[in-house]
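# Chain and residue survey
Listed below, chain by chain, are the residues.
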Amino acid sequence: IGGVLFLQSGPKSLKNISNRYNKQSHIPLLTSIDAEWGLGMRLDSTQSFPWMMTLGAIQDDNLIYDFGVEVSRQLKELGIHLNFAPVLDINNNPNNPIIDRRAFGSNRTIVSSKGLAYMRGMQDNHVLACGKHFPGHGDTESDSHKQLPILQHNRTRLDTMEFVPFKDLINEGLGAIMIAHMNLPQIDTLGIPSSFSRHIIRDILRNEMDFEGLIISDALNM
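Calculation notes
Residues numbered from 1 in each chain as written. Predicted model: local features only at pLDDT ≥ 70, side-chain atom pairs only at ≥ 80, totals over all residues. Heavy atoms only, no water. Core = buried A, V, L, I, M, F, W, Y, C linked by side-chain atoms within 4.5 Å. Buried < 20%, exposed > 50% of the residue type's maximum accessible area, 1.4 Å probe, protein only. Helix = DSSP H or I, 4+ residues; strand = E, 2+ residues; numbered from the N terminus. Contact = heavy atoms within 4.5 Å. Pairing = 2+ DSSP bridges. Axes fitted to C-alpha atoms, helices over the stretch in contact; angles between N-to-C directions. Polar contact = N/O pair within 3.5 Å; in protein donor to acceptor, adjacent residues only side chain to side chain.

## A few points about the nonpolar core
Tyr-118, Phe-134 and Ile-177 are the most contacted members of the largest nonpolar core, which totals 51 residues. For this core, the elements supplying multiple residues, two or more each, are β1 (3-6), α2 (52-56), α3 (61-77), α4 (108-123), β4 (128-134), α6 (163-171), β5 (176-179) and α7 (198-208). The element contributing the most residues to this core is α4, with six residues. Setting aside chain neighbours within four positions, we find Phe-134 in contact with Phe-163, Phe-166, Ile-177, Met-178, Ile-179, Ala-180, Ile-200, Ile-204, Leu-205 and Met-209. Formed by six residues, the second largest nonpolar core is a distinct cluster that contains Phe-84, Ala-176, Met-178 and Ile-216.

## With respect to the sheet that holds strand β3 (residues 82-83)
Strand order in the open sheet formed by six strands is β1-β2-β3-β4-β5-β6, with parallel pairing between adjacent strands. Each having just a single partner strand, β1 and β6 (214-217) make up the two edges of the open sheet. Relative to β3, strand β2 (residues 30-33) is paired through two bridges, and the arrangement is parallel. Bridge pairing in β3 places Ser-32 opposite Leu-82. Lying on the sheet, α6 is in contact with β4 and β5; it crosses β4 at an angle near 160 degrees.

## What about unusual backbone geometry?
The residue after Lys-132, namely His-133, is reached through a cis peptide bond having omega 5 degrees. One can find His-133 in strand β4. One non-glycine residue, Ser-45, lies in positive phi territory at about 50 degrees. At His-126, a residue that is not glycine, the phi angle is positive and equals roughly 70 degrees. The residue His-126 is located in the loop between α4 and β4 in this model.

## Re the environment of Leu-63
Relative to the assigned elements, Leu-63 resides in helix α3. Spatially, the C-alpha atoms of Leu-63 and Lys-114 are 9.6 Å apart, while their sequence positions differ by 51 residues.

## Looking at the environment of Asp-139
By the element assignment, Asp-139 lies in the loop between β4 and α5 (155-160). Residue classification places Asp-139 among the buried residues on the basis of a relative accessible area of 17%. Separated by 14 residues in the primary sequence, Asp-139 and His-153 place their C-alpha atoms 9.4 Å from one another. If we ignore the near neighbours within four places in the chain, the residues touching Asp-139 are Ile-90, Asn-92, Asn-93, Asn-96, Leu-151, His-153, Arg-157 and Glu-162. A polar contact of 3.4 Å, which involves the side chain of Asp-139, links it to the side chain of Arg-157.

If you want it as structure tokens, here you go:
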């Protein structure tokens, strides 16, 4: 295997087990974690910063950049290379049960600017950022951990709303993108979920949006 995702632990335990795995591996492992609002999202006895919605209310994007710098510093202390953040979903559905405060806000410009500042803070300091959840999980009314959300938007709507933050960060060098588990019947007319959709991943994200970075599916046990 080439990489490991840590879902829960403490900082000392994580570092020990990461070192153990790397000693057994023939290649250095790519290590990753969900640290949207810092290591406290997954690890005990570590710092939790405010959730994204609170950060989205901050006027000065330089503070969001500094937040990204500090998150990257803490991840590097543990030897983690990839953070599954920032969340680039636009929280434009008040009935959304899973995105909500994890999004920077309901305004596409705010989501783009805050996400870009967070990305730069991490990637300028050698931690890979991963924008999620493409093609946009903000306007759904079901939890993709429990069922397959359906997004009925057409391509025009996606181009002018959900895709905007992803396009903006791709143009600025975003290193990775996570694909959401969703059904978009007006986009993939074969009814294939976005996780496995050749049209959404290859035709749209790779070819049309010219994304050359790492593409990762959301957890398949969801």
